[in-house]
Amino acid sequence: MGRIKIIAGNWKMNKNLSEAVSLTQEIIHSSPENNSLKIIFPPFPFIQSVNEVLKNKKGFFVGAQNCSEHNAGAFTGEVSATMLNSLGCTYVLIGHSERRQYFNETNALCHKKIVQALNNNIKPVYCVGETLQQRKSNTHFEIVKSQITEALSSLNSDQIKQVVIAYEPVWAIGTGETATPQQAQEMHAFIRTCMKDLFDASVSDNCILLYGGSCNASNAKDLFSCEDIDGGLIGGASLKAEDFCKIIASA
Ligand code: PEP
């Protein structure tokens, strides 16, 4: 299909500055050579230092874990996409389930953040996924469809090509319980159908879809070999260079 593979590490609120730099150096040192694109999402204060290490390393990029829906102004504590661009960020996570759960981020808010990112030449990695209760009540497809429709449907054809989608079932994030390759593939295929209905076959075929949720060195290969899975968004296992590099090798 010609889509590139992406392996992305979401460090969440972990590490101090020197640990962040060392981990980045270890990853660079041990990473296998392949055609995958590697993105590291460190906490905001470490973006510049991580980027210094990654600079000019083929296939490696730095991203942010969030951005403001506003351009600039009196929003104490917030970080704008313009600022992230000036730090060298080329990707930003939008709508991670922890932001939805603890900071009440809605699909409408995610839409505004996505537009901010795109206006600043930053590619959004838009996270979607159902809770355990939603899966048990068999509303998971409906939930993911509304997350996609409400945040993405008004983007134009140039904008949508810049968006990466990460399917992360909430029940699999940080729990050690991974979606089976069949469950993940089923949802990824469904997301492609949604993208075809909202946009067109070319957008659907070319859209990069990542799986996230307790992906690790042992299960990555099976997940990434599924037809509609183009790589992974990795939390816990991205905090150890050895594990993260094994996952990169599975791409
Ligand atoms: C995540 O936070 O995006 C994630 C997938 O975490 P974990 O790999 O730890 O489940």
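Just above sits the structure.
Residues numbered from 1 in each chain as written. Predicted model: local features only at pLDDT ≥ 70, side-chain atom pairs only at ≥ 80, totals over all residues. Heavy atoms only, no water.

Caption draft 1: Representation of the site of the ligand. Close to the ligand lie 14 residues, the nearest being K12, H96, E168, G174 and S214. One nitrogen or oxygen atom from the main chain of G235 is found 2.8 Å from an oxygen atom belonging to the ligand. Across the complex, the protein chains shield 95% of the 290 Å² of accessible surface that the ligand would expose by itself. Taken together, the residues of the shell around the ligand sort by class into 4 nonpolar, 8 polar and 2 charged. (Near = heavy atom within 4 Å. Polar contact = N/O pair within 3.5 Å; in protein donor to acceptor, adjacent residues only side chain to side chain. Areas by Shrake-Rupley, 256 points an atom, 1.4 Å probe, with all protein chains shown as cover. Nonpolar A, V, L, I, M, F, W, Y, C, P; charged D, E, K, R; others polar.)

Caption draft 2: Spotlight on the pattern of salt bridges. Applying the stated criterion across every chain, the model contains 9 salt bridges. Between E52 and K55 there is a salt bridge, with its nearest N and O atoms 3.2 Å apart. R192 is paired through a salt bridge with D228; the nearest N and O atoms lie 2.7 Å apart. With R192 in helix α9 (residues 181-198) and D228 in the loop between α11 (220-224) and β8 (231-234), this residue pair connects regions lying 36 residues apart in the sequence. D228 carries the same exposure label as R192, and that label is buried. When salt bridges that share partners are traced, they join R3, R192, D228 and D230 into one network. (Salt bridge = Lys/Arg side-chain N within 4 Å of Asp/Glu carboxyl O. Helix = DSSP H or I, 4+ residues; strand = E, 2+ residues; numbered from the N terminus. Buried < 20%, exposed > 50% of the residue type's maximum accessible area, 1.4 Å probe, protein only.)

Caption draft 3: How the structure looks around the environment of S80. Position of S80 relative to the elements: it lies in the loop between β3 (60-64) and α3 (81-87). Residue S80 is classed as buried on the basis of its relative accessible area, which comes to 5%. Separated by 37 residues in the primary sequence, S80 and A117 have C-alpha atoms spaced 8.6 Å apart.

Caption draft 4: Seen up close, the packing of aromatic side chains. The full count for this structure, using the stated rule, is 3 aromatic pairs. Taking NZ or CZ as reference, K38 lies 5.3 Å from the ring centre of F60, over its face. Of note, R99 hangs over the ring of F103, and the distance from its end group to the ring centre comes to 4.0 Å. (Phe/Tyr/Trp six-rings, centres within 6.5 Å; stacked < 30°, edge-to-face > 60°. Lys NZ or Arg CZ within 6 Å of the ring centre and 35° of its normal.)

Caption draft 5: Looking closely at the pairing of strand β7 (residues 209-212). On β7, burial covers both faces: L209 and Y211 on one face and L210 and G212 on the other are all buried. Note that strand β6 (residues 164-167) and β7 share 3 bridges and pair parallel. Bridge pairing in β7 links A166 to L210. (Pairing = 2+ DSSP bridges.)

Caption draft 6: Focus on helix α1 (residues 17-30). Relative to the 20 Å expected for 14 residues at 1.5 Å per residue, α1 spans 20 Å between its end C-alpha atoms, a close match to the ideal helical length. As for α1, its buried residues are in contact with β2 (37-41), α2 (47-54), β3 and α12 (241-249). At the N-terminal boundary of α1, the capping side chain belongs to N16, with an oxygen 3.2 Å from the backbone nitrogen of S18. (Expected span 1.5 Å × (residues − 1). Contact = heavy atoms within 4.5 Å.)

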